[in-house]
Amino acid sequence: MTTYKAENFPKLQNDLILRVSRGEKGERAPIWIMRQAGRYLPEFHEIRKDHSFFEVCRTPELACQLTLQPIDRYGKLLDASIIFSDILVIPQAMGLEVLMVAGKGPVFTAPLDTPADLSRLTENVDVEKELGYVYQAITLTRHRLEGRVPLFGFIGAPWTLMAYMIEGGGSKTLAKAKSWLWKHPKESHALLQRITDIAIEFLVGQVRAGAQMLQVFESWGGELSPDAFKEFSLPYIRQISNKVKERLAKEGLEVVPMTIFSKGSWYGLEDLSESNYEVVSLDWTIEPGFARKMTNDKVALQGNMDPTVLYGGFDAIRETATKMVHDFGKDSRHIANLGHGILPTVDPEALKVYLETVQKVSAEIRK
C-alpha cells in the first residue's frame, strides 16, 4: 500500500464552502450532512459487517473508504467531506475504555464516578501516539478525494466529552455529570481543561495532516442552563478556537475555518458568534431569522432541517427544504446541513432529494 504524506495534495476543485465560511457570497448554499458517512448507506454496512466500529476508526484505509462513500455516491451534490471518526477517541486517548455496543451506542466500561477517579486518567497524553491513526486517515483521504471537495476534521467539545466520561454513555438527564458541576466545580474545571488541552493539540494535528475545515461538536450544550453554559462550556469552546488558530499561524499552517455546533444552545447564539468561529451550526429548533438577528450576520450559519423530515416523503422534503433556504435568505452566508446527524434508517434517495432541492433553490434565489 502506498504511504501518503501530508504534502502535494491534489488541487481543490470545489472551494464553495471555504469561501462562504470566510464571509464571501456564494453562487448557492454549499451543503454537506453531519454523519454523511454512516449507517444509512448500504455500502457502509458492507465494510462494517467484518469490523468493529472503533476498529474502523483506527484503520486509516477503512476510515478513508467510509469517508469517501457519500462523495462517491452523491458526487457534486455534496460540497464537503468529513473524516470518519468519533468524538470519543479523546476519552480513549486519556485512558478510558469505550465500546460501541449494538443497539445501545457507546459504553464506558469504567466511567468516572468521583473526582478520585481522575487519577485513572493518563497524566500526559501523547496525542500523536494515541490518535495518529486519525491523522493518517485524514492524509490518506485528502489524496484519495482528488480535490473533489474539502475535508473536515472534528472533535467533541470538552463539556460533552466530560459528560460521556462520567455518565458512561448516553443519558436522558445527565444527572451524574451535571451533579459534578455543583458538587465538584474545581475538579470539573480541571477535567475540562485537560480535555481542552488535548483537543487543541488534536485539532492542530488534524490540520497538519490535511484537514481543511474543523468542527467542534458540543452535542450536549443545550443540557446546560445559560449560566452553566457560560461557566462550563463557553470558555473552553473559545479557548479551543483561539489557541488552535494561534498555533496554526505560529506553525505557518493555514488558519482554516472553524465551525461550532452547540446543540440546543439557542440562548448562546450571540456568545457563540463572538467566539472566533467562522461558522455557527444550528439545530432544527432555531428559526433562521432569529439566528441571523442574534448573530448579527457576523458568522456563517449552518443547518438546519429537522433530520426526521427525511422520513416524510419526497414532496415533504422538497417543501421543507425550500422553506428553509428561503428562511435563511438570498443574502445570507448559509451552509446547508441538517439540524443534527442523519438518522441510520433514512433512505439514501431521500437524502438525494434534499441535496438536489437545496442546491436548486439556493441557486435560484441568488440570481
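This structure is a prediction, so every number in the text was calculated from the model and none was measured. (Residues numbered from 1 in each chain as written. Predicted model: local features only at pLDDT ≥ 70, side-chain atom pairs only at ≥ 80, totals over all residues. Heavy atoms only, no water.)

### Focus: the pairing of strand β8 (residues 300-305)
To keep it simple, the criterion reads: In this scheme, a residue with accessible area under 20% of its type's maximum is buried, one over 50% is exposed, and one in between is partly exposed, where area comes from a 1.4 Å probe on protein chains only. Counting from the N terminus, the helices are DSSP H or I runs at least four residues long and the strands are E runs at least two residues long. Pairing between two strands requires that DSSP report at least two bridges joining them. The crossover handedness rule: strands pointing away from the viewer, path from first strand over the helix to second strand clockwise, crossover right-handed.
Burial analysis of β8 places six of its six residues in the buried class, the great majority of the element. With three bridges connecting them, strand β7 (residues 279-281) and β8 associate as parallel partners. By the bridge assignment for β8, V279 is matched with A300. Across five bridges, the pairing between β8 and strand β9 (residues 334-338) is parallel. Within β9, the position partnered with G303 by the bridge is A336. Chirality of the crossover, the property in question, places the unit of β8, helix α14 (residues 314-328) and β9 among those that are right-handed.

### Examining helix α8 (residues 175-183)
How we decide: Starting at the helix axis, one direction is taken to each C-beta atom, and the arc is that of these directions.
Every buried residue of α8 is listed here: A177, W180 and L181. Viewed along the axis of α8, the buried residues span an arc of 100°, placing them on a single side of the element. Across from the buried face of α8, at angles greater than 90 degrees, the exposed residues are W182 and K183.

### Overview of the layout of surface pockets
Put simply, the test is: A cavity here means a set of 1 Å grid points, computed over protein atoms only, where a 1.4 Å probe fits but cannot escape. A pocket is an open set with protein on both sides within 12 Å along at least 5 of 7 lines, and lining residues have an atom within 4 Å of a point. Grid points are joined across faces, edges and corners, and a volume is the space filled by probe spheres set on the points. Any residue that is not Ala, Val, Leu, Ile, Met, Phe, Trp, Tyr, Cys, Pro, Asp, Glu, Lys or Arg is counted as polar, Gly included; the first ten are nonpolar and the last four charged.
When its volume is computed, the largest pocket comes out at roughly 1300 Å³. Along the walls of the largest pocket sit 41 residues, with R35, R39, F53, D86 and M100 positioned nearest its centre. Elements supplying a minimum of two residues to the lining of the largest pocket: α2 (42-48), β2 (98-101) and β3 (105-108). Within the lining of the largest pocket, the residues separate by chemical class into 23 nonpolar, 11 polar and seven charged.

### Points about the sheet that holds strand β4 (residues 151-156)
Spatially, seven strands are ordered β1-β4-β5-β6-β7-β8-β9 in an open sheet, and the strand pairing comes out parallel. Of all strands in the sheet, those with a lone pairing partner are β1 (81-82) and β9, marking the two edges. Looking at chain direction, strand β5 (residues 213-218) and strand β6 (residues 258-262) are connected through five bridges and run parallel. Bridged to V216 within β6 is I260.

### Some points on the nonpolar core
Condition: By nonpolar core we mean a set of buried residues, namely Ala, Val, Leu, Ile, Met, Phe, Trp, Tyr and Cys, connected to one another through side-chain atoms within 4.5 Å. Whether two residues are in contact is decided by their heavy atoms: any pair within 4.5 Å suffices.
I90, W159, I240 and Y354 are the most contacted members of the largest nonpolar core, which totals 133 residues. Among the elements that take part in this core, helix α9 (residues 185-209) stands out by supplying 11 residues, more than any other. Other than its neighbours up to four places away in sequence, W159 contacts L174, A177, K178, L181, L192, E218, W220, G221, L224, F232 and S233.

### A closer look at the packing of helix α7 (residues 158-167) against α9
Selection rule: Axes here refer to lines fitted to C-alpha atoms; in helices the fit is confined to the stretch in contact. Angles between the N-to-C directions go from 0 to 180 degrees. Two helices cross in a left-handed way if the nearer one is turned anticlockwise from the farther one by less than a right angle. They cross in a right-handed way if the turn is clockwise.
Relative orientation of the contacting elements α7 and α9 amounts to 115°, with a least axis distance of 9 Å. Both α7 and α9 take part in a crossing whose hand is right-handed. Contact residues: P158, W159, L161, M162 and M165 in α7; S188, L191, L192, I195 and T196 in α9. The residue makeup of the contact of α7 with α9, split by class, is eight nonpolar, two polar and no charged.

### Focus on the pattern of salt bridges
The test is simple: One side-chain nitrogen of Lys or Arg within 4 Å of one carboxyl oxygen of Asp or Glu is enough to make a salt bridge.
Using the criterion set out here, one finds 22 salt bridges in the structure. Across the pair R247 and E251 runs a salt bridge, and its minimum N-O distance is 3.2 Å. When its relative accessible area of 25% is taken as the criterion, R247 is described as partly exposed. The partner of K298 in a salt bridge is E274, and the shortest N-O contact between them spans 3.5 Å. With K298 in the loop between α13 (288-295) and β8 and E274 in the loop between α12 (269-273) and β7, this pair connects stretches of sequence that are 24 residues apart. Residue classification places K298 among the partly exposed positions, given a relative accessible area of 39%. Residue classification places E274 among the partly exposed positions, given a relative accessible area of 44%.

### A few points about the environment of N337
The test is simple: Throughout this description, a polar contact denotes any pair of N or O atoms lying within 3.5 Å of each other; where both atoms belong to protein, one of them has to be capable of donating a hydrogen while the other can accept it, and for residues adjacent in sequence the pair is counted only when both atoms sit in side chains.
Summarising the element assignment, N337 is placed in strand β9. Sequence-wise, N337 and T141 are 196 residues apart; in three dimensions their C-alpha atoms are separated by 22 Å. Setting aside its immediate chain neighbours within four residues, N337 contacts I31, W32, I33, M34, Q302, G303, N304, M305, M324 and Y354. Engagement of the side chain of N337 in a polar contact is seen with the backbone nitrogen of M34, the distance being 3.0 Å.

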